[in-house]
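Remarks on the overall topology
The primary structure of each chain is shown beneath.
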Amino acid sequence: MAKYLVTGAAGFIGRSIAAALLARGESVRGIDNFITGKRSNLAGLEAMEFLEGDLANPADCARACEGIEVVFHEAALASVPRSVADPVATNLNCVDATLNVLVAARAAGVLRVIYAGSSSVYGDAPTLPKHEEMLPRPISPYAVAKLAGEHYMQAFTRVYGLETVVLRYFNVFGPYQDPTSHYSGVLAIFSRRMLAGEQPTIYGDGEQSRDFTYIDNVVHANLLAASAPAQKVSGQMMNAATGKRVTLNETVEILRDLTGYKGSVAYEQSRAGDVRDSLADIRLAEELMGYKAQVDFREGLRRTVEWYRAGGEAA
Ligand code: UD1
């Protein structure tokens, strides 16, 4: 019987957590409905028990949670613009699904649920860096949905005693991130386009900044959140990031260097719901569970470009 459940196991972050657990010799179950997850992302995860299922369906959640000790709840319909286009789908796959996972986890006697939160919940609050004490000011439906999930986590800890840990991810990037969709993360899109000699498009003036976080840092934070003592982390919400920020114009310059792209960059109007600047204060995660970013931005981007260059996404 598997000890760990990873939801969204065929997605970028879920498959990366599952791979790290398997590499430690753990027994892992994964579930995905393939709305955004890809079957090709399951390559290399053959040791994982895999269920095709939908978290919007309580019966699938019950099946997934049976016998599990720790859940990594990574499944979501990511993307701010996708939520602007279809807020109902985002709500179903982020809010309803999260509540269903919690109900099933509690019924199955799961010990701890770790939740993929999002930096988007800070919204347009001008204060930098963003720290956990700040009042959330979500702008987009996506941010609202991710915030609702956080509150459900904390309510289940308060009301039912289920251990939960919220990790607010800041713009995660790395191998296995899908570069093909209009809703993909910007670094996946830019890496692929620039490697192919195609022009990247910046929405806005390119001076918006992000605390771009390489995937290994987020995996590391999750593994810490799973093993840290409950009295330290249960019911807590923490940023998972690097504590540094880069503008989009700067990322393009670094990517020119890494990809050899010599062409120009297109500038278009900024996107609705877009946040201007994002930077995390990561001291709480360090204090509560000894978290430190393991891989810096440039090295992470180098590894990412190498992965796309090697055709990883087509594997
Ligand atoms: C937001 C969240 C992030 C979350 C993600 C889920 C914030 C600060 N961050 O990311 O935590 O994980 O949603 O999807 O809210 N852009 C371009 N050209 C492109 C694509 C994007 O210029 O081709 C720009 C966007 O307008 C934005 C920046 O790049 O300013 C980053 O966009 P994206 O990668 O989609 O992530 P966020 O919306 O910042």
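Criteria and thresholds
- Residues numbered from 1 in each chain as written.
- Predicted model: local features only at pLDDT ≥ 70, side-chain atom pairs only at ≥ 80, totals over all residues.
- Heavy atoms only, no water.
- Core = buried A, V, L, I, M, F, W, Y, C linked by side-chain atoms within 4.5 Å.
- Buried < 20%, exposed > 50% of the residue type's maximum accessible area, 1.4 Å probe, protein only.
- Helix = DSSP H or I, 4+ residues; strand = E, 2+ residues; numbered from the N terminus.
- Domains from an automatic or database assignment.
- Contact = heavy atoms within 4.5 Å.
- Salt bridge = Lys/Arg side-chain N within 4 Å of Asp/Glu carboxyl O.
- Pairing = 2+ DSSP bridges.
- Axes fitted to C-alpha atoms, helices over the stretch in contact; angles between N-to-C directions.

1. With respect to the nonpolar core
- One finds Phe72, Leu167, Tyr169 and Met289 to be the most contacted residues of the largest nonpolar core, which totals 66 residues.
- Sort the elements by how many residues they give to this core and helix H7 (residues 215-227) lands first, with 8 residues.
- A domain-level breakdown of this core finds at least three residues from each of domain 1 (4-174 + 212-243 + 279-294) and domain 2 (186-208 + 244-278 + 307-314).
- Residues contacting Leu167, with those up to four places away along its chain left out, are Ile114, Tyr115, Ala116, Gly117, Ala221, Asn222, Ala225, Met238, Ala240 and Met289.
- In terms of nonpolar packing, the next biggest core, distinct from the first, is built from 24 residues, Ala75, Ala104, Val110 and Leu162 among them.

2. What to know about the pattern of salt bridges
- Evaluation of the coordinates by the stated rule reveals 19 salt bridges.
- For the salt bridge of Glu253 with Arg256, the shortest nitrogen-to-oxygen distance reads 3.4 Å. Of this pair, Glu253 and Arg256 both sit in helix H9 (residues 248-259), 3 residues apart, roughly one helical turn.
- Of the residues examined, Arg256 reaches a relative accessible area of 22% and is grouped as partly exposed.
- It is possible to trace a salt-bridge network through shared partners that takes in Asp216, Glu299, Arg302 and Arg303.

3. So, the sheet that holds strand E2 (residues 28-32)
- Taken in spatial order, the 7 strands of this open sheet run E3-E2-E1-E4-E5-E6-E11, and their pairing is parallel. Of all the strands in the sheet, the pair left with one neighbour each is strand E3 (49-52) and strand E11 (236-240). If you compare each strand with its neighbour and ignore which way they point, the axes differ by 20° on average.
- Here strand E5 (residues 112-118) runs beside strand E6 (residues 163-169); their pairing, made up of 7 bridges, is parallel. Considered in E6, the bridge of Ser118 is made with Tyr169.
- Packing against the sheet, helix H4 (residues 87-108) makes contact with strand E4 (70-73), E5 and E6, and its axis sits at approximately 180° to E4.

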